[in-house]
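# Structural features, examined
The primary structure of each chain is shown beneath.
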Amino acid sequence: MWVNPEEVLLASALWMTERANPYFILQKRKGHGDGGGGLAGLLVGTLDVVLDSSARVAPYRILYQTPDSLVYWTIAHGSSRKEITENWEWLEQNLLQTLSIFENENDITTFVKGKIQGIIAEYNKSHDIREDDDTDKFKEAIAKFRKLFIMPEEEKLVNYYSCSYWKGKVPRQGWLYLSINHLCFYSYLLGKEAKLVIRWADITQLEKNATLLLPDMVCVSTRCSEHVFSVFLNINETFKLMEQLANIAMRQLLDNKGFEQDRSLPKLKKKSPKKVSALKRDLDARAKSERYRALFRLPKDEKLDGHTDCTLWTPFNKMHILGQMFVSTNYICFTSKEETVCSLIIPLREVTIVEKADSCNVLPSPLSISTKNKMTFLFANLKDRDFLVQRISDFLQQTTSKIYFEREITGSLSSSDDEVGTTMFICLLFNLNESRVPTATQALMTMYRRRSPEEFNPKLAKEFLKEQAWKNHFTEYGQGVCMYRTEKTKELVLQGIPENMRGELWLLFSGAINEMATHPGYYEDLVEKSMGKYNLATEEIERDLHRSLPEHPAFQNEMGIAALRRVLTAYAFRNPNIGYCQAMNIVTSVLLLYAKEEEAFWLLVALCERMLPDYYNTRVVGALVDQGVFEELAHVYVPQLYDCMQALSVISTISLSWFLTLFLSVMPFESAVVVVDCFFYEGIKVIFQLALSVLDANIHQLLSCKDDGEAMTILGRYLDSVTNKDSTLPPIPHLHSLLTDNRDPHPEVDIFKLVRISYEKFGSIRADVIEQMRFKQRLRVIQAIEDTTKRNVVRTIVTETPFSIDELEELYTLFKVSHLMSCYWGSTSNPMSRHDPSLPYLEQYRIDLEQFKVLFALLFPWACGTHTDDLALRVFRLLDHNADALINFREFISGLSVLCHGDLTEKLKFLYKIHILPGSQFIELCKTLYNMFSEDPNEQELYHATATVTSLLLEMGEVGKLFCSPAHKTDEDEDDEDDRIPVCRSKQERTRCKPCDVETNSCVAGPLEDIKLEDSSPKDTAMSSAMLISDDETKDDTSMSSYSVLSTGSHELDDKLQCEDIAEDTVLIRNGGPYAGVGHHGKVGLPHSASIDKDWAITFLQFLASVLTEQALVQYFEKPVEISGRITNAKNVRKVGHQHMSLSDYEISLSD
């Protein structure tokens, strides 16, 4: 291909000249092609790999040079001799004579360069090639990646890095390629090539380690091997990218969400020095946005636009605080360099004025932002203030448009006479299934607060002081979402949030206030849509409603129960992937006590989707992940207790109940809400700190425990004794006390003291460390779930098949990989319809026809050359019992078992069944038989036997036809009609049929005496088989067409059918359904008007009897098939076809 001219100083270094003329030179890279160039070629090939030379992809090139110049210019390169020769011939024919006219060498050079650039521009224009963000160097890397590892275009390369791969004790220097779905490594050293391909979805552990010899290395573990990489130029960048890609793979395994590239990123500048792909920039932007959202508790779809260093004037202490400003689509945020000094969130919906203030030496480049609640924020030391103001203005304009649009909708609804009673109408809708139950329009605690008999007591006085402290804080630091959040705020939270402020502050600290503000009316719409709808989630909700804080008076009547029902049902409809999970009812009931119904809904959204990710899905993956994190933290912070706890399996038992309900189910209610206060402010680290404090406080008693029951009792007694002496509520009976023994109660433990101790001893736990641990545990948990699923599937069907457990596990892995590859590289069906983790184990992964074709060719013994896809379609139809165009693992194994381990009758019955489905032909059965033996050692003998069987079947069909007539047909004959293979009349008779004859089934019958198919000698067998295999391969129309079938299933086609247009091997099949020709359960009989000669048929017993006459066929079908060899082949073969499906085992391959 032509390339923009690039200057070359040493034309002969590492290149060999093959052709030359006065102006152009065609060269080949040393070490490429036949011979390899000896030792010099090996060295050149090694250098190309180590130095990432483009010559690995394009080993041919054409140079331009004027006779008197020492400077050469590369104008074309090619990956093959054919490609480069075409460019060379074009130069000789179109440029060589023209160049001889010029007198000045500079003019020649200018002309050649302009001509080449013009050709490139014209090519790009004609092929609609647009400039993208990827540099030429990275495009070369993509080409290498696809060529080396045989990857399709759908597999996107993210980045590549130079490193060493340790094979045994020997390092191999090469290149690590990281794509969306695979980790690949390539090395070429002195003639030895090494390749490694690992799916991210197969990785069980990914760690960055350091040893004395290898200070920086990355260990990648799969279920069967461990791989070590070292000598990275930037190990931190590489490892972060590897973590991110592995996380994407785990997310795909968890909920089947694949990766979609964000095309909205700004383009790179043309002179950008960074050689970073657009995909790498996308992933970097995602990682930054995730950290940004987690830091400021923002909605999950918020994207960070950029950040810059600056200072913020804080009026409460009269200081300029150094920190960073973050700007996104809907928010401006700030955090100080010292983590706890100050943070700030300014929603753009609250902003009224953004203006540039006058600069001075004390306050350079200041920016003032004013909000609706009369607060003004002054930022300074902004490096690119003008650009920043422009970005904020653009986002403000978008925000204003959204608010205006929402107001327009709200205004039109409220101004309509027909909608005057909208609020009342919605309230009535809420109560359609709840007769005369009022809607909770305020927090349940305010309606059911039980005061002590005294009008004023010390507890109420303390509560009043807390309220005053918060009001003073609001006066000094601001109130609402734009409040300055400082160490003082944290101190107030640790002292306990006042009862009547909990709902407001929970909304604020969790970020739920932002989602509620930007989705007006959303909750009401969800409630309206979900009313009266029933599914599995609503059934589970109804079952658990009366188990939610039953000891609290708010949930001892229908009003509290109804509010809980509405919130849980609305969320189940919002997020069907979660639906409903046990423990959600307990948490939601507490939210309803302190927040209004809509506020409780958005708090639940924040919990389930941001603060406790994946906690409440069907497999509580998030809770299991954090259980693993807790075990790691226990190992670090209470090492003397860790071994004992592991031996008793206590940590795994306690952590789920503690984490899922935020201690609400294991602590007295008035104490547990203090934990929730801290959780909404600080996040999950509070839960870990508190859990470690509980273990640490009971360390001596736990070390003396002899079993898990004793340890659980000790912890239960301790948690029951945690009290909140500041609570103004009367004590509420705690159900967890039932677990304790009859010994004296544990001494009271003050909840505020316990929280303080947790911060003092374990407050050093950082959120970023927790996230790092979560990643490690997520790999382990999800892969453990996948292994459990595999074991359960195998255990379920092992009694139904002769395959061993090991063989079934290997087959299941191949089955799942086939599904995953279609998710990676596209498929004809939606991946979500083929993978649903909520389904029974056997149906979690299902494959469609295209995926089945790949596995059929690799595993099924009847796969036979060009006929394979057609036979795979027939087998797929038979196995697809419910006709949904998908088959699960059990159906897949049932078919494979018959073909590998079935007896003679079972295999022949299977073969017979796949040829009596709609659109099948007797000739297709013959084709299948002949193709089946194409690679068998006894091929000729089997062909001869097949010809004999075919003759017998034809004779049986003709004889049977003489004894079959409509007048004498019995009921039994009619029952057996579907189990016969029909065969059509000859071509001459078909062409005499008129359209009306087809409709009335009155085709003129003709004699079949001219049809002859004899049991010929071996020399004639090939001729017979050729006649049977294909119409295109024979000129004998009468003999071939005698065995063709015409079967139609659609009456809509009958009116348009012209018999003269029917080809000899044409099959008309029924339209509609998951695949053409298949109706309910894959069985469609031939209608009375469809079959031209329905009396001609072959029963299974006739087919069986015919095959039994030939010993060669009997031995062939009785022979068992060894599946282990096929499994090994499937694991190591990379099949690149229409789907580009890869089924290799991804082990290291070395060539010497």
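Keep in mind it's a predicted model, so treat the numbers as computed, not measured.

## Comments concerning the overall build of the protein chain
From N to C terminus, the protein chain includes 45 helices and 25 strands. Counting across all 1152 residues of the protein chain, residues that qualify as buried make up 53%. For the protein chain, long-range pairs separated by at least 24 residues make up 67% of all intrachain contacts whose partners lie at least 6 apart in sequence. As displayed, the protein chain has an accessible area near 53700 Å², and 53% of this comes from carbon and sulfur atoms.

## Side note on unusual backbone geometry
Even without being a glycine, arginine 297 presents a positive backbone phi close to 55°. Inspection of the secondary structure assignment puts arginine 297 in the loop between helix H7 (278–296) and strand S13 (304–314). Classification of arginine 297 as buried rests on a relative accessible area of 14%.

## Side note on the UniProt feature "domain: EF-hand" (unreviewed entry) in the protein chain
Sites flagged by UniProt as "domain: EF-hand" (unreviewed entry) map to residues 867–902. End C-alpha to end C-alpha, residues 867–902 measures 22 Å, and it is 69% helix and 6% strand.

## Focus on the side chain of asparagine 159
As for its position among the elements, asparagine 159 is in strand S6 (residues 157–167). Within polar-contact distance, the side chain of asparagine 159 engages the side chain of tyrosine 161 at 3.2 Å. Filtering out sequence-adjacent residues up to four positions away, asparagine 159 remains in contact with Phe138, Leu176, Tyr177, Leu178, Glu237, Leu241 and Lys280.

## Things to note about the sheet that holds strand S19 (residues 376–380)
Spatially, eight strands are ordered S17-S18-S19-S13-S14-S15-S16-S20 in an open sheet, and the strand pairing comes out antiparallel. Each end of this open sheet is capped by a strand with a single partner; those strands are strand S17 (351–356) and strand S20 (485–486).

## Considerations on the pattern of salt bridges
Under the criterion given, the structure shown has 34 salt bridges. Here aspartate 787 ties to arginine 223 by a salt bridge, and the two come within 2.7 Å at their closest N and O atoms. Here the residue aspartate 787 occupies a position in helix H28 (residues 767–797), and arginine 223 occupies one in the loop between strand S11 (217–222) and strand S12 (226–230), the gap between them amounting to 564 residues. The exposure class assigned to arginine 223 is partly exposed, which follows from its relative accessible area of 38%. One connected set of salt bridges, linked through shared partners, spans Glu207, Glu632 and Lys776.

## So, helix H35 (residues 922–932)
Buried residues dominate H35, accounting for 11 of its 11 residues. Turning to H35, its buried residues are Phe922, Ile923, Glu924, Leu925, Cys926, Lys927, Thr928, Leu929, Tyr930, Asn931 and Met932.

## Brief notes about the pairing of strand S2 (residues 15–20)
Both S2 and strand S3 (residues 24–29) contribute to a ladder of five bridges, which runs antiparallel. Bridge pairing in S3 places arginine 19 opposite leucine 26. Linkage of S2 to S3, two consecutive antiparallel strands, is achieved through a turn of three residues.

## Brief notes about the environment of threonine 335
Its place among the elements puts threonine 335 in strand S15 (residues 331–336). Threonine 335 gets classed as buried once you look at its relative accessible area, which sits at 14%. Taking the C-alpha atoms as reference points, threonine 335 and leucine 322, 13 residues apart in sequence, are found 8.6 Å from one another. Residues contacting threonine 335, with those up to four places away along its chain left out, are Leu295, Phe296, Gly323, Gln324, Phe326, Cys342 and Ser343.

## Considering the pairing of strand S16 (residues 342–347)
Burial of S16 is extensive: six of the six residues sit out of reach of the surface. Neither face of S16 is open: one carries Cys342, Leu344 and Ile346, the other Ser343, Ile345 and Pro347, and all of them are buried. Pairing between S15 and S16: five bridges, direction antiparallel. In the sheet register, isoleucine 332 faces S16, and the bridge partner there is isoleucine 346. Where S15 folds back on S16, the antiparallel hairpin that results is connected by five residues.

## Focus on the packing of aromatic side chains
Scanning the entire structure with this criterion turns up 53 aromatic pairs. Both rings, one in tyrosine 637 and one in phenylalanine 762, keep their centres 5.7 Å apart while their planes meet at 85°; by these two values the pair is edge-to-face. Note that tyrosine 637 is positioned in helix H20 (residues 621–637) and phenylalanine 762 in helix H27 (residues 751–762), a separation of 125 residues in sequence. Tyrosine 637 gets classed as partly exposed once you look at its relative accessible area, which sits at 28%. Their ring planes at 70° and their centres at 5.4 Å tell us that phenylalanine 815 and phenylalanine 889 sit as a pair that is edge-to-face. Of the two residues, phenylalanine 815 is situated in helix H29 (residues 805–825) and phenylalanine 889 in helix H33 (residues 889–901); the sequence distance between them amounts to 74 residues.

## Points about a positive patch on the surface
A surface patch of positive charge is lined by Lys208, Lys240, Lys288 and Arg291. Tracing the chain through its elements places lysine 240 in helix H6 (residues 235–255).

## Let's talk about the side chain of glutamate 515
One can find glutamate 515 in helix H14 (residues 512–518). Looking at glutamate 515, the relative accessible area reads 5%, which means it is buried. A distance of 3.3 Å separates the side chain of glutamate 515 from the side chain of arginine 610, its partner in a polar contact. Excluding residues that lie within four positions of it along the chain, glutamate 515 makes contacts with Pro299, Trp602, Val605, Ala606 and Arg610.

## Regarding the environment of leucine 633
Relative to the assigned elements, leucine 633 resides in helix H20. Here leucine 633 falls in the buried class, since its relative accessible area comes to 2%. Linking leucine 633 and isoleucine 770, residues 137 residues apart in sequence, is a C-alpha distance of 9.2 Å.

## So, the sheet that holds strand S5 (residues 72–78)
Ordered by their spatial adjacency, five strands build an open sheet running S1-S5-S4-S3-S2, and the pairing between neighbours is antiparallel. On the outer flanks of this sheet lie strand S1 (2–8) and S2, each paired with one strand and no other. Between one strand and the next, the sheet's axes are offset by a mean angle of 35°, whatever the strand orientation. Relative to strand S4 (residues 60–64), S3 runs antiparallel, the two being bridged by five bridges. The partner of leucine 26 across the bridge, within S4, is isoleucine 62.

## Regarding the nonpolar core
In this structure, Phe379 and Tyr616 are the most contacted members of the largest nonpolar core, which totals 151 residues. The residues contacting phenylalanine 379, other than those within four sequence positions of it, are Cys310, Thr311, Leu312, Met325, Phe334, Leu344, Ile346, Ser365, Pro366, Leu367 and Ile369. Formed by 111 residues, the second largest nonpolar core is a distinct cluster that contains Phe229, Leu241, Leu879 and Val1114.

## Examining the packing of helix H34 (residues 904–913) against helix H43 (residues 1100–1108)
The geometry of H34 relative to H43 is characterised by a closest axis approach of 10 Å and an angle of 125° between their N-to-C directions. As the angle between them shows, H34 and H43 are arranged oblique. The way H34 lies across H43 gives a crossing that is right-handed. Touching Leu904, Thr905, Leu908, Lys909, Leu911 and Tyr912 of H34 are Phe1100, Phe1103, Leu1104, Val1107 and Leu1108, all from H43. Among the residues making up the contact of H34 with H43, the classes are represented as nine nonpolar, one polar and one charged.

## Digging into H20
An ideal rise of 1.5 Å per residue puts 24 Å on 17 residues; H20 measures up with 24 Å between its terminal C-alpha atoms. Burial analysis of H20 places 12 of its 17 residues in the buried class, the great majority of the element. Every buried residue of H20 is accounted for by Val621, Gly622, Ala623, Val625, Asp626, Gln627, Gly628, Val629, Phe630, Glu631, Leu633 and Ala634. Against the buried residues of H20 lie H6, helix H21 (639–648), helix H22 (650–660), helix H24 (684–697) and H28.

## Concerning the packing of H20 against H22
Orientation of H20 relative to H22, taken along the N-to-C sense of each, is 120°, at an axis distance of 9 Å. Between H20 and H22, the angle is such that the two are oblique. Between H20 and H22 lies a crossing of right-handed hand. On H22, the residues that touch Ala623, Leu624, Asp626, Gln627, Phe630, Glu631 and Ala634 of H20 are Ile651, Ser652, Ile654, Ser655, Leu656, Phe659 and Leu660. Of the residues assigned to the contact of H20 with H22, the class counts are nine nonpolar, three polar and two charged.

Rules used in this analysis
- Residues numbered from 1 in each chain as written.
- Predicted model: local features only at pLDDT ≥ 70, side-chain atom pairs only at ≥ 80, totals over all residues.
- Heavy atoms only, no water.
- Helix = DSSP H or I, 4+ residues; strand = E, 2+ residues; numbered from the N terminus.
- Buried < 20%, exposed > 50% of the residue type's maximum accessible area, 1.4 Å probe, protein only.
- Contact = heavy atoms within 4.5 Å.
- Areas by Shrake-Rupley, 256 points an atom, 1.4 Å probe, with all protein chains shown as cover.
- UniProt positions renumbered as here; feature names shortened; annotations may be inferred.
- Polar contact = N/O pair within 3.5 Å; in protein donor to acceptor, adjacent residues only side chain to side chain.
- Pairing = 2+ DSSP bridges.
- Salt bridge = Lys/Arg side-chain N within 4 Å of Asp/Glu carboxyl O.
- Phe/Tyr/Trp six-rings, centres within 6.5 Å; stacked < 30°, edge-to-face > 60°.
- Patch = residues over 30% accessible without salt bridge, like charges linked within 9 Å, V, L, I, M, F, W, Y side chains within 5 Å.
- Lys, Arg positive; Asp, Glu negative; His and termini not counted.
- Charge placed at Lys NZ, Arg CZ, Asp CG, Glu CD.
- Axes fitted to C-alpha atoms, helices over the stretch in contact; angles between N-to-C directions.
- Core = buried A, V, L, I, M, F, W, Y, C linked by side-chain atoms within 4.5 Å.
- Parallel < 35°, antiparallel > 145°, perpendicular 65-115°, else oblique.
- Left-handed = near helix turned anticlockwise from the far one by under 90°.
- Nonpolar A, V, L, I, M, F, W, Y, C, P; charged D, E, K, R; others polar.
- Expected span 1.5 Å × (residues − 1).

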